[in-house]
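# Structure at a glance
Spelled out from the first residue to the last, the chains are:
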Amino acid sequence: MAERSLTLMAVHAHPDDEATSTGGVLARYAAEGITTVLVTCTDGRCGDGPGGVKPGDPGHDPAAVVAMRQAELEASCAALKVTHLETLGYADSGMMGWPTNDLPGAFWVTPVDEAADRLAELIRQYRPDVVVTYDENGFYGHPDHIQAHRITMAAVAKTDVPAKVYWTTVPRTAFAEFGKIMQELGVEWAEPDESQPQLGLPDEEITTWVDTRAYGAQKFDALATHASQTENIFFLQLGRERFTDLMGMETFVRVRDTTDAPLPEDDLFAGLR
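Bear in mind that the values here come from a model prediction, so they are computed numbers and not experimental data. (Residues numbered from 1 in each chain as written. Predicted model: local features only at pLDDT ≥ 70, side-chain atom pairs only at ≥ 80, totals over all residues. Heavy atoms only, no water.)

## Some thoughts on the pairing of strand E6 (residues 208-211)
The alternating pattern of E6 places Thr208 and Val210 on a buried face and Trp209 and Asp211 on a face that is not buried. Note: E6 against strand E7 (residues 249-257), four bridges, orientation antiparallel. Following the sheet pairing, Val210 is matched in E7 by Glu250. (Buried < 20%, exposed > 50% of the residue type's maximum accessible area, 1.4 Å probe, protein only. Helix = DSSP H or I, 4+ residues; strand = E, 2+ residues; numbered from the N terminus. Pairing = 2+ DSSP bridges.)

## Observations regarding a nonpolar patch on the surface
Taken together, Met95, Trp98 and Tyr140 make up a surface patch of nonpolar side chains, about 270 Å² in accessible area. Taking the relative accessible area as the measure of exposure, Met95 reaches 34% and is therefore partly exposed. (Patch = residues over 30% accessible without salt bridge, like charges linked within 9 Å, V, L, I, M, F, W, Y side chains within 5 Å. Areas by Shrake-Rupley, 256 points an atom, 1.4 Å probe, with all protein chains shown as cover. Salt bridge = Lys/Arg side-chain N within 4 Å of Asp/Glu carboxyl O.)

## A few points about unusual backbone geometry
At the junction of Leu263 and Pro264, the peptide bond is cis and its omega measures out at -5° in the coordinates. With respect to the helices and strands, the residue Pro264 is situated in the segment after E7. Positive phi is not limited to glycine here, since Asp16 has a value of about 100°. Among the secondary structure elements, Asp16 is positioned in the loop between strand E1 (7-12) and helix H1 (17-31). Despite not being glycine, Asp160 shows a phi value in the positive range, around 55°. Counting through the fold element by element, Asp160 comes out in the loop between helix H4 (143-159) and strand E5 (164-169). According to the relative accessible area criterion, Asp160 is exposed, its value standing at 53%.

## Overview of the sheet that holds E7
Taken together, the seven strands give an open sheet; going across it, the order is E3-E2-E1-E4-E5-E7-E6, and neighbouring strands pair in mixed fashion. The sheet is open, and its two borders are formed by strand E3 (84-90) and E6, each paired with just one other strand. In this sheet, neighbouring strand axes are inclined to one another by 25° on average, regardless of whether the strands run parallel or antiparallel. Where E1 meets strand E2 (residues 35-42), six bridges bridge the pair, whose relative direction is parallel. Counted as the bridge partner of Thr7 is Thr35 from E2. Sitting on the sheet, helix H2 (residues 62-80) touches E2 and E3, and the angle it makes with E3 is about 155°. (Axes fitted to C-alpha atoms, helices over the stretch in contact; angles between N-to-C directions. Contact = heavy atoms within 4.5 Å.)

## Topic: the environment of Leu199
When you line up the elements, Leu199 lands in the loop between helix H5 (172-184) and E6. The exposure class assigned to Leu199 is partly exposed, which follows from its relative accessible area of 27%. On a C-alpha basis, the gap between Leu199 and Gly141 in space is 9.4 Å, while along the polypeptide they are 58 residues apart. Once you skip the residues sitting within four places of it in the chain, Leu199 turns out to touch Phe139, Tyr140, Arg172 and Phe175.

## Quick word on the nonpolar core
Taken as a class, soluble globular proteins show a tendency for nonpolar side chains to be buried jointly. Leu8, Tyr29, Phe178, Phe235 and Leu268 are the most contacted members of the largest nonpolar core, which has 39 residues in total. Elements that contribute at least two residues to this core include exactly E1, H1, H2, strand E4 (130-133), H5, helix H6 (216-225) and helix H7 (240-247). In this structure Leu268 touches Leu8, Val25, Tyr29, Val130, Val132, Lys164, Tyr166, Thr208, Val210 and Phe252, once residues within four positions along its chain are discounted. Membership of the second largest hydrophobic core comes to 24 residues, among which are Ala13, Leu119, Val131 and Val165. (Core = buried A, V, L, I, M, F, W, Y, C linked by side-chain atoms within 4.5 Å.)

## Remarks on H1
Taking 1.5 Å as the rise per residue, H1 with 15 residues should run 21 Å; its terminal C-alpha atoms sit 20 Å apart, in good agreement. A bend of about 75° at Gly23 is the largest found in H1. Taking burial as the measure, the 15 residues of H1 include 11 buried ones, the bulk of the element. Inspection of H1 places Asp17, Glu18, Ala19, Thr22, Gly23, Gly24, Val25, Leu26, Ala27, Arg28 and Tyr29 among the buried residues, and these make up the whole buried set. Phi turns positive one or two residues past the end of H1, at Gly33, with a value near 90°. (Expected span 1.5 Å × (residues − 1). Bend = angle between axes of the 7 residues up to and from the residue.)

## So, the pairing of E2
Of all eight residues in E2, eight are buried; the element is thus mostly enclosed. Handedness of the crossover is the feature at issue here: the chain leaves E1, passes through H1, returns alongside E2, and the resulting connection is right-handed. As paired strands, E2 and E3 are joined by five bridges and run parallel to one another. If you follow Thr40 over to E3, its bridge partner there is Thr87. With H2 bridging E2 and its parallel neighbour E3, the resulting β-α-β unit is right-handed. (Right-handed = clockwise from strand over helix to strand, strands pointing away.)

## Points about the environment of Asp129
Residue position: Asp129 is located in the loop between helix H3 (112-126) and E4. Taking the C-alpha atoms as reference points, Asp129 and Leu268, 139 residues apart in sequence, are found 9.6 Å from one another. If sequence neighbours within four positions are ignored, Asp129 has contacts with Arg4, Ser5, Leu6, Thr7, Pro162, Ala163, Lys164, Phe269 and Leu272.

Purely geometric numbers; function is a separate question.
What follows is the structure, given as structure tokens:
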């Protein structure tokens, strides 16, 4: 009987999230022969429609947006060579405070236990050695990201399958560079409000730094497949080379580990191979 491949599962909120913070690791580990599983929790209906039409504006058709974003997600997975795509199909809740947060079927109001049971079934099916998702604040406070974190941690507890679990993050030292580049691109970049949780972490609190620069073009191409959302994907304006320089190191916090792999580490699979 053939030996089972090591497996990575990334749990994300919306179509396009997979490319931003984990496009590099998905591409790198697929190239190394590791099975990669992407779970996308929502249908992205609160994203921009054709021509950039915004949710709630005349002409924004949520059903059409869902179909368009599903096709973009599949193209992104092809660019990253993702082995398996699973979609939970919950309704995109929109940004915190939007009326869509509370609509029937919205991910934000779905009972955590109910969604966690569905994710736990996928964990039992694929037996991931490593699971990646967001931190408790969903990195920047989006309700669907927060909910993805909650159901992932609950599903891990229900199954006890993954050897390692990580939360995505960004080093605080990178934000100054991001701000500079945003200004260069003509994008308004406000300093974080002190009343809000700070984004990212001090460099010394980041446990895992994965060099994915060799896969920068794939990550760029995956982001570019989400053409309907390019107004919000500012980094595409940098071009492949500069994009890779800026986005080629993906960083994580290790929150579960059964391998005793020493920290800091440069591989999500340290201790497993």
